[in-house]
Structure formats: structure tokens, C-alpha cells
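Given next are the chains, with one letter for each unit.
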Amino acid sequence: MPGLEDLYREIILDHYRTPRNRGELPPPARMAEGHNPLCGDEIHVYLDVQGDTIVDVKISGQGCSISQSSASMMSAAVKGKDINDVLALVKRFKQMMSIEEENADTTGEIDTSIKLGDLEALQGVVKFPVRIKCATLAWNTLVQALESPER
Amino acid sequence: MPGLEDLYREIILDHYRTPRNRGELPPPARMAEGHNPLCGDEIHVYLDVQGDTIVDVKISGQGCSISQSSASMMSAAVKGKDINDVLALVKRFKQMMSIEEENADTTGEIDTSIKLGDLEALQGVVKFPVRIKCATLAWNTLVQALESPER
Amino acid sequence: MTFDSSVVRRDFPVLQRVINGKPLVYLDSANTSQKPDSVITAIDHFLRNSYGPINRSAYLLASEATDAYEGARAKVRKFINAPQVHEIVFTKNATEALNLIARSWGAANLGSGDAVVLTHMEHHANIVPWQMLAAEKGFEIRWIPLTPDGQLDLSDLNTLLDGAKAISFTAMSNVLGTITPVEQIVSAAHRAGAIAIVDACQSVPHMPTDVQAWDADFVAFSSHKMCGPSGIGVLWGRESLLDAMPPFLGGGNMIADVKLEGFKCAELPAKFEAGTPPIVEAVGLGAAVDYLTSLGMESVRAHEVEITAYAMRSLKDRYGERITIHGPTSPACRGATLSIALEGVHPHDVSQILDQENICVRAGHHCAKPLMRILGVTATARASFYLYNTESDADILTDTLVGAFDLFGM
Amino acid sequence: MTFDSSVVRRDFPVLQRVINGKPLVYLDSANTSQKPDSVITAIDHFLRNSYGPINRSAYLLASEATDAYEGARAKVRKFINAPQVHEIVFTKNATEALNLIARSWGAANLGSGDAVVLTHMEHHANIVPWQMLAAEKGFEIRWIPLTPDGQLDLSDLNTLLDGAKAISFTAMSNVLGTITPVEQIVSAAHRAGAIAIVDACQSVPHMPTDVQAWDADFVAFSSHKMCGPSGIGVLWGRESLLDAMPPFLGGGNMIADVKLEGFKCAELPAKFEAGTPPIVEAVGLGAAVDYLTSLGMESVRAHEVEITAYAMRSLKDRYGERITIHGPTSPACRGATLSIALEGVHPHDVSQILDQENICVRAGHHCAKPLMRILGVTATARASFYLYNTESDADILTDTLVGAFDLFGM
Ligand SMILES: Cc1ncc(COP(=O)(O)O)c(C=O)c1O
Ligand SMILES: Cc1ncc(COP(=O)(O)O)c(C=O)c1O
């Protein structure tokens, strides 16, 4: 469909059709729920964190192609990673989504050397400002989950 | 002042400058207070009713030339009169002011033979709709006073 | 009896807009409607020539403005066949009208042990005010459930009404299009000793309204959904109820007197219109009422039944089982609001794809989250038709959905 | 530094109106102001081209409308120098804003034993909501009295504030024109542990506003008095207070989630904007802010000081003791609102006579009945000047009053 190629890249549709790391993790895995009150999208992020490492991650919930594929790509990108690297990646991703962090001074520099890989496919979303919240929902929920205690 | 002759007839100005029956009556005389919430005008009507006759009437309060002169003329017109004649006069006066009574059917015919005398000077008010409430304030308050018990 | 919607369409300046060479297909009127030239011009003319305060000051502008404002009230009274003009209260929107009823009538009449009946298809505006009040006063909220085809399930209505003091329900669902049996529900409520409040936001713009035939106690609706401007809504209430109610907002215009020790309320309708009201907006609403009246609300309804039937048929013919239209299947018992679900495509993606062809539909929960949960979805894509929508609009919608299946079809 | 008001006057279509061969002399801007062409055109253009819902739907019209609505919020923030854009809440008028504070902050924070401080010169909009709440919650209302020249008598301010939880007061009297010492009162309130609420209805349209310099907690004002349309008002509040407050009206837009069992509030500012907001009106208000900003609020104030001085001097020179101008005598400590009393002539008759020459002044209690009682009158005739009033307007006023003395002079 002309004009929408930027938004609906093949790789996004692939993650939407075949979402990675779909499911839940039992307690004591950490969990957070994210909502987009405008469109009703919901995402649940489950994390098994051992030491500084995200050993496992699962995603459930419902939403549009952008929110679901972003969640799927996110899960693939963070699984097995060190928490500090993940937080740096979150920052880098949000920068790509042109989200300005509040208190940008105090949160330090964004490491632009971080490779986004597949995630770069989401760059086209920036041209559709209404959808930016769809793309970032999983990422905000991830941060919440990291900040949550074990259950 | 051109255009205002219809409103401010000489006889109206006379009643405004030299109001008749100004003052109060002590209890048990009946009393009612009328307000015009839009402009703040206030009129108090005191009535000494013996049998079917308004033996005495007094007016106090503050207001514009139309409300005050209307009250003054009203007091002159009802003093010493039979209540039924007065009620018929009220109806006739309101008709002149183009006020349609609610439930007009049930309140009976208006006696157009009733002479208004000086009161006819107030006819010009009808051309200034905002002022009609000024002209009728004293009359509505009179009816309220008639319906009130002695104090 | 119906009109030519392609002619009506020309009355609406926005609809003449062409973006990237394509016409605008506005299918979001259940959300908010577009405005005809006559309404826009009435607003413009009033602002350029007669704007003034409406407190019956002695000067000419003020009395012109007062007449325009009160004239709009009289038009609204006639439009819904309310008995008396002072029973028409102007609010900022239907939401304020419903809050007014809850806060004023409700707070004065509801306590613990009481009940209010709502339905599962209510808009948040007819749920949240009651939940807020219930949290404070401790009364119970009971719910009328739905049948599988999106009608109200009234089989337990009398039980639900037993001991209830009020029922508040929509005359037409903003999600499913369902037209509810208002008269039947009102009379059941009255038999049970409850008052009946009708959320008429979706019905007043689309079909004739007669509040006396309904025998309702309160009716609320918004100007912006009926070709009028934003910023004004309407509450109609029975005089006896409005008279007995405490005031809602306090301030200028709603008082007869104010002393340091306290205040006395003004008469209706001023009592419920605190502060400077939406003056310009009332003038616009009056022009909208004139516009709708000139087309005839029977004709508006007839047109909508026609276009709804056409759109539903086209969608089904084209996509069969791959498309679901929520709510009643017969166009005769529904409004022109089609909440559609496409197999394998999320509503948000549907609306994104439609936007490429300048088709405006809303994807979301439509301020009816309880209903969404009952439907088992988080959102729907809602195409809602109005008097300016043509069969061509329906065709463009049907054709463009192909793109969604092409892109997302599994 | 100031502008030429006879040029500014040309921006206002209504003021070009000629009735019976005479120009319109609009001296009722303290009541409601006229609108410049740029505001009327912005409204018209928006309605003809970009009207749509503001819920960030996916389609173009909706995002244009959302941007316009949120853009207006950003303009208002800047205009009053509020710290954050989500602290700006759009209401239907200032009255709703003041009711919101009383009903939401007040109901959550005030109980028996508490006190709220008001002043004798408040508008009913800043009295009645507190009286309504006090009747329910049992707190005390204390009053700041006036000095003989119509200033606030602050000699007992600290005593009045002792134990009070809030003070709510006007920044400029709509009857006397008095400019109150906002910063001084706010800082006294904060020292006493009370919050400070400023009714800025009469000040925001007429002078620069800096809510941070004021250090106030809540500020309320209305669009229609500042060259904007009716149907919209503004509440600014400190984020921390707004966040902690319960919601006011319930419905769409103000929720994060709704279940049958209850709801969760949305974030600011949506939390306090239930229902479809005044979309068109916000666009108009945004254009009004642009218009005022282009003239410069310092210049507006300078012009008003000048014209006030001129009008006061002319009236006094001509009529001496036969005319009384209520309130402060120095134009430097008052706004351009002149409440005048003519010896032997009732205000209603004054305005009637002025209307003959198309001079629009308001006669009445100006929604300040407690103040009227303190002044010992039932009404005043109020001539209020704004940026479009010229010395010629003042001259026509002064000249025409002769007729009132001629007719009624004893
Ligand atoms: C059924 C129903 N009720 C209430 C409302 C609320 O109307 P408003 O947002 O104009 O207050 C709407 C529209 O959004 C509606 O569709
Ligand atoms: C000082 C003051 N406060 C409050 C108000 C109320 O404003 P609104 O009627 O726009 O709500 C006004 C204007 O009438 C006013 O002058």
C-alpha cells in the first residue's frame, strides 16, 4: 500500500505474525503491565533476572502490529543481556523514536555506538506520530518490570 | 433626549421625583419584598387590609425611575380600593405591559373597560423590553403582599 | 422521503477538502460531526455583528445576544419536544449534563441501600459519574447485560429495577449502533418507582426525538455530534425534578441573591447555568437545529437506514466471514455506526491503512471499556455514517479494506 | 510604548457597526470582550478545514485538530508563564475552574474546624462555590474587608490566615477596578501554610501575567474576556496539587481504565477534562493569545492606564461632585473599569440613556452583591475600557451623561 512501506516493513510484519518469546513466566519472575489508554493496547512483560542478567523474557497481551512487533523485537534484543546494556539500549531506542527524556541532563549521554539491528525497522514509525506510543509501549513496560520486585 | 420621550414621560419623572405613599406600615400590616435579580431593584409593599378594602399602602425600597414611579402610581391607584377591583387592575396593567399570564384560560377575562389613568404613561415601557420587569416589579410584589397573612 | 446525500455533502466545507488528490471520506460522526456552512456562517456572523453579554443589559448588543441565546434554547425545546423552554439547560457537553444529574439529583437522592441501574453498553460518561458518586454515598450499581447480538437483555429488567431509584441508559450505543427500547425501559422504571435518565448523545443527531413520548425524566446530548459547534451540551429535565434539585456549579447568573452568610438560587434554567455560558456556541447549535429541521429528522433516519444497509451488505458480500460487524444485524434496529473486526488485523492498523485513502474511522475503545471487555476485544475500528455520507463513501471504505487483508492476511 | 487604539479598533468587526448613524461605543469589556478579526477568522478557518476529534485518532483531520487543541494549551502556558503545559486545564469558563478547585481540592482538604479566606470584593463565582462546600463540610469562611477607597484592608491579614487552609481572591475587582497585591497575599498565605487561589478573570486580559512570579497555587480565568470566544476557561494549578486531587467530572478522556467495579484516572491534564472539550474554542483562544501577544501585554496595560486617567479626569472636570467613581482614585493602582454613580440618577436609567447613543455600559450588581451592600448601593453603572477603546469613546461617554442629569436632575 503506497505510503505505508515505511511503517509496515517486512520485518515488522514478520514479528507481528510470528511473535518471539510469547508467553508468561511463573513467579517469582518480575512482571509489569503496560496500557495505551488511547487505543486500548495492553502488554505484559515477564522477566527472569539473575544477578545482572536477563535470563529469560516473555511477552503477553494484545495490540496492533506496531506494539506487538516492537515487543517481540525487544524481547529478542534483551534476552540474555546485562541489565546495564539493556538500559542503554532502551535509551538509544527512545532516541530513535525521537522521545525526549525528561531530565535529559541527569540521565547521561546516549551511546550512539549501540547497534539496533532489526529494531531499526521501527524507525519509519517516527513519520506517524500517533503510532510512536505503540512502538514504545513494550519498552516502557520493560523498564517498569526491571524496577519491580520479584513476585 | 430623542427616542426616550416614550419611556420617560413627564408624569413618570414626577412620580420618581416625588413618590407617593413612601414609607412603611407597622405590623400587623401585610408586607412583601420584591427583587429584580438582574438589576438589583428592591421593592417592599406594605398593606393595611380591612375586610375587602386596602385601607392603606406604603412603599419602600430602591430602584430605577421606572420601578419607583410604577410603584408610586400603583400605590395611588390601589389605596382605598376593593381587593377584587385591585386584582382586576393588576391584570389590566399586565396586559398593557404585554405580559401573558400562564394559565390564561383559568384566570378569566381581562376587563378592558378598567381605566388606567396616570398608569397609561407606562405604556411606552413596552418598547423597551428590558424595562418591563422594572415596571411590573411593584405589581407582582403587591399581589404577593395581598396573598400574605398579617404579620 | 429521504434526501440526496451527495447534495447535502456540498453543505459541509470540510468535506470539499482534497488531500493528495483524494476526497475526504469522513466516517467518524459518532465521535464528532462536521458542520454545515450555515452553522459556520451563523457563528461568524454573530461574532462579527452581534456578540455581547446575555444578561439582558439595557443596550442593543446585549439584547440581541440575549435574544440569540434564548432563541437557541427555544429551538432546542421544540427539536426534542420538551414541554417547557426553561427545562432546557445548556451545559458544556453531554458529559457535564450527566455529571450534573449525578451530582445534583443523585447526591440529594441516593444513599447506602439504594441502587442505580446502568447497562453494559454505556459510554464512560454514563458510568464514571455514577461510580464516583457511589464511592461516596455507598449505593449499589446494577448492570443490564447484553444479548449475543448486542441488544440489551431485558429479561431481568424488573428484578434489576426492584428497589432502584434511577436507571440511566443510552438510547443508541456509540459502539454497536444498537437502538434501545427507550419507552419500554422508561415505563418499567416508572412502575418500579425509579426515574429514567436517557443518554441521547447518539440518537438525537440521527432520528426524531420526543422526550414526552419517551416519558423520560432527564435527557442529555451534545451539540458537536449534531452538526453544531463544540463547547455546548444540553440537559433536559422535568421541571418538578429540576426545581427540587440543589444547584450544581455556583457563581454568577445562578443566584437570586448572595450575602456573606449564604445565597439564594435563581429560577430555572439560570439555576443550572453558572457563569458566562457558551453564547456563541448556543447560536451555532440553534443554526444546527435549523439545519437538521430543514432536512427533516425522519429523512435523516431514513437515509441512515439506507446507507447502513448498503454498507453492511457490501462489506459482507466482499469479505464474508473474514469481517465481523458487531451489534444488531438488521439496519432497522440500529444506527449507522459500524464497529468492525477484520480477521487478523488490529483495529489500529485498519484505521492506519484507511487513513492512506483519507478515510476517517476511529480505532479504539470508544469510551466504552466495559463493553469492549464483554466483546472480548481491546478495540474496534468504527465507521459511523451521517447525513453527508454517500454510497460512494461506503464503496471507498469497502474497497480500501482489501489493503488491510493484503498486508496482514495470514 | 503603547499602541494607537484607533488602529486596534479597526481589528474588531463589531466595532465597525453603525446604528442610527452613530458608532458603537463598547464599554462593557469587563463583562465580556469583543473579538478581533484574527480570532473570528481562525475559528471559521478551523471549522471549514480542520475540524475533527482530538483523541489522536490515526487520521489526518484528527491529528490536525489535536495539534490545534494542544497548541492552544501551549500558547496559554506561555502567556501566563506556567511551568508546565500539562498544568493547564481547559474548562468551560472561569466559574467552572473555581468550582473545580472547591469541589476537588476543597472537598478533599476542608472539614469542620478549617477556614477559607475570601474578600468582600469577590465575584459570585469566587463566593458561591465556597458557600456551597462550606454548607456541606462545615468549614468557616472569613472575609478580608475593604478600605474606604476600595482597596483590600490587609491590616488583619495574618490573623485571618491563622489556621486557614486556603485563600481565594481576585487579582482585580470587576466592580472597582482595584488591583490587589497578589504577591504579598500569596506569600502571607504560604507563611501561614495556606494555599493561594487567584481569580485572574479581570487581570489576565489587561496586564502581563506571571503565575510563577505570583507564586500562586491555582489561577482561573476566562477566554471571553480576553478577545477569545465564549465556552472556554482556564485553570492553571501546581502539578503536585493537581496530581493529588480527586477528579472533578467523570467520563470519557479523564480515565486510564474503566471496569464495572471502578475506574482509574488519566494523567494531567486529561484527568480534569472529561468529555469532548471545547475544541473550536481552544483554537479561538489560541488566536486571542497570539493577538494579545502581538500587541504586547505591557502596551495593553499602558494604554488602559492612559485611557482610564483620561476618562476619570474628563468626568471629574465636567461633573465634579455630582459624579462618584467607586474604587481607587489613582489609575496606576486600578484597571480600566469605572463604576460610576450619578447624583439623583439610578444606574439603570444611566445605561438606558447611554444606549441612545450606542454606548454599552452595564448597570447592575455585576455579580458582586456583597460588595454592593458594602458600597451601600443596589447597583452601579459600569463603564469598562479595553484595548480598542479610544479617547473619543471616553468623550462620547462624558458628553452623553449630560442627558441623564438634564432628565433626572432634581
Ligand atoms: C453515548 C454517548 N454518551 C456520552 C458521550 C459524551 O459526549 P461528550 O463527549 O460530548 O460529553 C458520547 C460521545 O462521546 C456518547 O457517544
Ligand atoms: C472577577 C471575576 N471572577 C469570575 C468571573 C466569572 O467568569 P465567567 O463568567 O467567565 O465564568 C468574572 C466575570 O464574570 C469576574 O469578573
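Residues numbered from 1 in each chain as written. Chains lettered and ligands numbered in written order. Predicted model: local features only at pLDDT ≥ 70, side-chain atom pairs only at ≥ 80, totals over all residues. Heavy atoms only, no water.

## Comments concerning the overall build of chain A
Across its full length, chain A carries 4 helices and 3 strands. Secondary structure elements of chain A, listed N to C terminal, follow the sequence α-β-β-β-α-α-α. Against the compact-globule benchmark of 15 Å for 151 residues, chain A has a radius of gyration of 15 Å, which places it among compact chains. Each principal axis of the C-alpha distribution contributes one length, and for chain A these read about 45 × 35 × 30 Å. When each of the 151 residues of chain A is scored for burial, the buried share is 50%. Taking the intrachain contacts of chain A between residues at least 6 apart in sequence as the baseline, contacts between residues at least 24 apart amount to 69%. Element-wise, carbon and sulfur atoms account for 49% of the exposed surface of chain A, whose accessible area totals about 7,100 Å². Taking the 16 positively charged and 23 negatively charged side chains of chain A as two groups, their mean positions are separated by 5 Å. (Helix = DSSP H or I, 4+ residues; strand = E, 2+ residues; numbered from the N terminus. Rg over C-alpha atoms; globule rule 2.2 N^0.38 Å. Buried < 20%, exposed > 50% of the residue type's maximum accessible area, 1.4 Å probe, protein only. Contact = heavy atoms within 4.5 Å. Areas by Shrake-Rupley, 256 points an atom, 1.4 Å probe, with all protein chains shown as cover. Lys, Arg positive; Asp, Glu negative; His and termini not counted. Charge placed at Lys NZ, Arg CZ, Asp CG, Glu CD.)

## What to know about the overall build of chain C
A tally of helices and strands in chain C yields 14 helices and 17 strands. At 22 Å, chain C has a C-alpha radius of gyration in line with the 22 Å of a compact globule built from 410 residues. Projected onto its principal axes, the C-alpha coordinates of chain C cover approximately 70 × 55 × 35 Å. For chain C, buried positions account for 69% of its 410 residues. When contacts within chain C are restricted to residue pairs at least 6 apart in sequence, long-range pairs at least 24 apart make up 70% of them. Summed over all atoms, the accessible surface of chain C reaches about 12,200 Å², with 50% contributed by carbon and sulfur.

## Some words on the site of ligand 2
Surveying the vicinity of ligand 2 reveals 15 residues, the closest of which are C:T276, D:T95, D:D199, D:S222 and D:K225. At the site occupied by ligand 2, nearby residues are drawn from chains C and D. Between ligand 2 and C:T276 there is a distance of 2.7 Å, counted from an oxygen atom to a side-chain nitrogen or oxygen. Within the contact set of ligand 2, an oxygen atom lies 2.7 Å away from a side-chain nitrogen or oxygen of D:Q202. (Near = heavy atom within 4 Å. Polar contact = N/O pair within 3.5 Å; in protein donor to acceptor, adjacent residues only side chain to side chain.)

## Some remarks on the relation of the copies chain C and chain D
Screw-axis analysis of chain C against chain D gives a translation of 0.0 Å along the axis, an RMSD of 0.0 Å, and a rotation angle of 180°. In symmetry terms, the pair is related by a two-fold rotation axis. The position closest to the rotation axis in chain C is occupied by the C-alpha of C:G231, lying 2.7 Å away. Of all interface residues in chain C, 100% are interface residues in chain D too; the two copies therefore contact each other through one and the same surface. (Least-squares fit on C-alpha atoms with pLDDT ≥ 70 in both.)

## Examining the interface of chain C and chain D
Contacts between the two partners involve 86 residues from chain C, matched on the other side by 86 residues from chain D. Contact between chain C and chain D buries roughly 7,000 Å² in total, counting both sides, with carbon and sulfur atoms accounting for 58%. Applying the counting criterion to the chain C and chain D interface returns 10 salt bridges. The shortest N-O distance in the salt bridge between D:R373 and C:D257 comes to 2.9 Å. For the side of chain C that touches chain D, the leading source of residues is helix 2 (residues 37-49) of chain C, giving 8 residues. (Buried area = accessible area lost by both parts, 1.4 Å probe. Salt bridge = Lys/Arg side-chain N within 4 Å of Asp/Glu carboxyl O.)

## Quick word on the interface of chain A and chain C
Listed per partner, the contact involves 24 residues of chain A and 19 residues of chain C. Roughly 1,800 Å² is buried in total at the junction of chain A and chain C, and carbon and sulfur atoms are behind 56% of that figure. Counting every contact that joins chain A to chain C gives 1 salt bridge. Between A:R131 and C:D349 there is a salt bridge, and its shortest N-O distance comes to 2.9 Å. At the boundary of chain A and chain C, one finds 7 residue pairs in polar contact (both at pLDDT 80 or more).

## Description of the domain arrangement of chain C
All names here are of chain C. The domain boundaries assigned to chain C delineate domain 1 (5-31 + 296-408) and domain 2 (40-294). Using only C-alpha atoms to locate each centre, domain 1 and domain 2 end up separated by 28 Å. Taken together, the contact between domain 1 and domain 2 spans 34 residues of the former and 34 residues of the latter. Both faces considered, domain 1 and domain 2 share a buried interface measuring about 2,600 Å² in area, 61% of it formed by carbon and sulfur atoms. Linking domain 1 with domain 2 are 0 salt bridges, by the criterion used here. Among the elements of the structure, helix 11 (297-319), strand 14 (337-342) and helix 13 (369-375) are those that each provide at least two residues to the side of domain 1 that touches domain 2. Take the side of domain 1 that touches domain 2: its biggest share by element is 6 residues, from helix 13. Of the residues assigned to the side of domain 1 that touches domain 2, the class counts are 18 nonpolar, 9 polar and 7 charged. (Domains from an automatic or database assignment. Nonpolar A, V, L, I, M, F, W, Y, C, P; charged D, E, K, R; others polar.)

## Quick look at the sheet that holds strand 16 (residues 362-364) of chain C
Residues and elements named next belong to chain C. One open sheet accounts for 4 strands, arranged 13-14-17-16; its pairing is antiparallel. Each edge of the open sheet is held by one strand with a lone partner, namely strand 13 (323-325) and strand 16. Recorded for the sheet is a direction-independent mean angle of 30° between the axes of neighbouring strands. Relative to strand 17 (residues 380-384), strand 16 is paired through 3 bridges, and the arrangement is antiparallel. (Pairing = 2+ DSSP bridges. Axes fitted to C-alpha atoms, helices over the stretch in contact; angles between N-to-C directions.)

## Looking at the site of ligand 1
Within the structure, ligand 1 sits among 15 residues, and C:T95, C:D199, C:S222, C:K225 and D:T276 are positioned closest to it. Chain contributions to the surroundings of ligand 1 come from chains C and D. Interatomic distance of 2.5 Å between a side-chain N/O atom of C:T95 and an oxygen atom of ligand 1. Calculation on ligand 1 without its partners gives an accessible area of 390 Å², and the protein chains cover 95% of this total.

## Description of the nonpolar core
Core analysis: the largest hydrophobic core is formed by 166 residues, its most contacted members being C:F90, C:I167, C:L387, D:F90, D:I167 and D:L387. When near neighbours in sequence (up to four residues on either side) are disregarded, D:F90 contacts D:Y69, D:A72, D:R73, D:V76, D:I232, D:G233, D:V234, D:E273, D:A282 and D:L285. (Core = buried A, V, L, I, M, F, W, Y, C linked by side-chain atoms within 4.5 Å.)

## Thoughts on the pairing of strand 5 (residues 115-119) of chain D
Residue and element names in this part refer to chain D. When you tally the buried positions in strand 5, you get 5 out of 5 residues, the bulk of the element. Judged by which residues are buried, strand 5 turns out to be covered on both faces: A115, V117 and T119 on one side and V116 and L118 on the other are all buried. Here 5 bridges tie strand 5 to strand 6 (residues 140-144), and the two strands are oriented parallel to one another. Bridge pairing in strand 6 links T119 to I144. Crossover connection from strand 5 via helix 5 (residues 128-137) to parallel strand 6: handedness right-handed. Here 2 bridges tie strand 5 to strand 7 (residues 166-170), and the two strands are oriented parallel to one another. (Right-handed = clockwise from strand over helix to strand, strands pointing away.)

## Examining helix 12 (residues 347-355) of chain D
Here helix 12 of chain D lies mainly inside the structure; 9 of its 9 residues are buried. Burial in helix 12 of chain D covers these residues: D:P347, D:H348, D:D349, D:V350, D:S351, D:Q352, D:I353, D:L354 and D:D355.

## Regarding helix 11 of chain C
For helix 11 of chain C, which comprises 23 residues, the first-to-last C-alpha distance of 32 Å matches the rise-based estimate of 33 Å (1.5 Å per residue) to within 8%. Just past helix 11 of chain C, the residue C:G320 takes up positive phi, approximately 50°. (Expected span 1.5 Å × (residues − 1).)

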